[in-house]
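Observations on the three-dimensional arrangement
Below are the chains, spelled out letter by letter.
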Amino acid sequence: MKLERVAHSPGELLEFYDEGLTALGALCERTWHDRLQVVAEGPAAKLWHADGSMHEIELQFAPAEAASARDAMREVFPGCPLTFHLAEALCASPAPLEHFILPETPARLPDAAVLEKIWRSQFAGVTRWQLAAQLQSDFHFALLALARCEIQAINQHWSLHRMAVSLADGESDPTLARDISFYQSAAGSAREIAWPEADPARWRELLRQALEKELAGDLAQIRARQESSLRRELDRIDAYFESYERELTARAQRSAAKSSRIKTAERIAATKAEHSRRRADQLARHEIRIHPHLDALVLAAEPAWRARAHVDTARESEEVEALFVPRSRQWRLIGPGLPADGRRSNPAESHR
């Protein structure tokens, strides 16, 4: 889910700077309602000096509507570089992997008819479905990430996203991403759970796919603006150089001297090379670059029911293993998966 932007509030920003700089070891004192006196050294001072040498400054928190010239070293305003630097200094790099246990759901076994109905709603083309063994209590694991995304285009775009991906089948879980802030970690010990081993390569790919889905709408609008601007610039360049080449060609045709025709041919060749260079330059200027920044990474465990079921489709009969997640009332396939038409898809890795 894409998190909404917080409206600019000088008072809230002052509190953030006060707590953030203090956490980094600086001495802070609020000298006025919109001013903060700071004495910093070491990590806190690196916001102003790369070597972390001692720095003393009074920060002023300007309202959004202020029209005066801004001093980025001592004023805090919307889009202020200091705010980005402070946020990055407070975020550990690389982001530590934290563990979270969702609260226990009712222990009553789900009805088999309900489970079959949910299965059929998720996987079409199933002609017969039957449990092969009794449901077993288990855990479903999901990877949650908080990511800042920087999109570099004609204009720079920043957005903040909270994503959740099921480790069983790699599918996004937007409901968990939306509601995770309302949950409190269960009282059970995290050591009692067989947590899956970290798999950076697979997790990176899962998060990349989830972020691409999140950004699809924004990128479509940005790409449309980029293409319109690029077409306008290329048309302008093409019109200029094509006109110039026609003029040079006409001159060569009117000239009878061989040396003049040779010079004109060289100028035409140089013009074509410059034309190509200008077009390539515009293509590079209109590229869209995406730079994600991972700020938090959480591995969440939630109670689920493990099941083995016999599934018949029009093409084949097979036994599949899956997890039923009561919170979302969804099946999460383990191992080989079934697409919407009931046929087998490429194997997905186990959630353990």
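Residues numbered from 1 in each chain as written. Predicted model: local features only at pLDDT ≥ 70, side-chain atom pairs only at ≥ 80, totals over all residues. Heavy atoms only, no water.

**Looking at the sheet that holds strand S2 (residues 27-32)**
Where we set the bar: Two strands make a pair as long as DSSP finds a minimum of two bridges between them. Counting from the N terminus, the helices are the DSSP runs of H or I reaching at least four residues and the strands are the DSSP runs of E reaching at least two.
Spatially, 4 strands are ordered S2-S3-S4-S5 in an open sheet, and the strand pairing comes out mixed. Each edge of the open sheet carries a strand with a single partner, namely S2 and strand S5 (75-76). Of the pairings in the sheet, the one linking S2 to strand S3 (residues 35-40) comprises 5 bridges and is antiparallel in character. In the sheet register, tryptophan 32 faces S3, and the bridge partner there is arginine 35.

**Things to note about the packing of helix H1 (residues 10-23) against helix H2 (residues 81-90)**
Just so we agree on the cut-off: Fitting a line to C-alpha atoms yields each axis, with helices limited to the stretch in contact; the angle taken between N-to-C directions then spans 0 to 180 degrees. Working rule for angles: under 35 degrees goes down as roughly parallel, over 145 as roughly antiparallel, 65 to 115 as roughly perpendicular, anything else as oblique. The hand of a helix crossing depends on one turn: near helix anticlockwise from the far one by less than a right angle means left-handed, and clockwise means right-handed. By the convention used here, residues are in contact when the closest approach between their heavy atoms is within 4.5 Å.
It is the contact of H1 with H2, at a shortest axis distance of 10 Å, that shows an interaxial angle of 40°. Considering the angle they form, H1 stands oblique to H2. In the packing of H1 onto H2, the handedness of the crossing is left-handed. In this structure, H1 contributes Leu13, Phe16, Tyr17, Gly20, Leu21 and Ala23 to the contact, and H2 contributes Leu82, Thr83, Leu86, Ala87 and Leu90.

**Thoughts on helix H6 (residues 258-285)**
Stated formally: One fewer than the residue count of a helix, multiplied by 1.5 Å, yields its expected span. Using a 1.4 Å probe on the protein chains alone, a residue whose accessible area is under 20% of its type maximum counts as buried, one over 50% counts as exposed, and one in between counts as partly exposed.
An ideal rise of 1.5 Å per residue puts 40 Å on 28 residues; H6 measures up with 41 Å between its terminal C-alpha atoms. Regarding H6, the residues found buried are Thr264, Ile268, Thr271, His275 and Gln282. In the core, the buried residues of H6 are packed alongside helix H5 (200-254).

**A few points about H5**
For an α-helix, the turn length of 3.6 residues means that residues three or four places apart are oriented alike. Test applied: Two axes are fitted around each residue, one to the seven residues ending there and one to the seven starting there, and the angle between them is reported as the bend at that residue.
The terminal C-alpha atoms of H5 lie 69 Å apart, and with 55 residues this falls more than 12% below the ideal 81 Å at 1.5 Å per residue. Along its length, H5 shows its largest kink, about 55°, at alanine 216.

**Quick look at the confidence of the model for the protein chain**
Keep this limit in mind: Summary of the metric used: pLDDT quantifies the predictor's per-residue confidence within the range 0 to 100.
Mean pLDDT over the protein chain stands at 87; residues scoring 70 or higher make up 93%. By mean pLDDT, strand S1 (residues 2-3) is the weakest element of the protein chain at 84, and S3 is the strongest at 95. Contacts from residues 340-352, a stretch scored under 50 in pLDDT, to residues over four places away or in other chains number 44 contacts.

**Regarding the environment of arginine 148**
Threshold: Pairing of N or O atoms within 3.5 Å defines a polar contact, subject to two protein rules: one partner must be a possible hydrogen donor and the other a possible acceptor, and residues neighboring in sequence count only if both atoms are side-chain atoms.
Relative to the helices and strands, arginine 148 is located in strand S8 (residues 136-152). In this structure, the C-alpha to C-alpha distance between arginine 148 and histidine 161, residues 13 residues apart in sequence, is 6.4 Å. In this structure, arginine 148 is in contact with Glu88, Trp158, Ser159, Leu160, His291, Pro292, His293 and Asp295, ignoring residues within four places of it in sequence. Within the structure, the side chain of arginine 148 is placed 2.7 Å from the side chain of aspartate 295, a separation counted as a polar contact.

**Some points on the nonpolar core**
Under the convention used in this document: To qualify as a nonpolar core, a set must consist of buried Ala, Val, Leu, Ile, Met, Phe, Trp, Tyr and Cys residues joined through side-chain atoms within 4.5 Å.
One finds Leu143, Met163, Leu167, Trp195 and Leu207 to be the most contacted residues of the largest nonpolar core, which totals 24 residues. Listing elements by their share of this core, those giving two or more residues are S8, strand S9 (156-166), H5 and strand S10 (289-313). By residue number, the principal contributor to this core is H5, which donates 8 residues. In this structure, Tyr17, Ala26, Val38 and Val76 belong to the second largest nonpolar core, which totals 21 residues.

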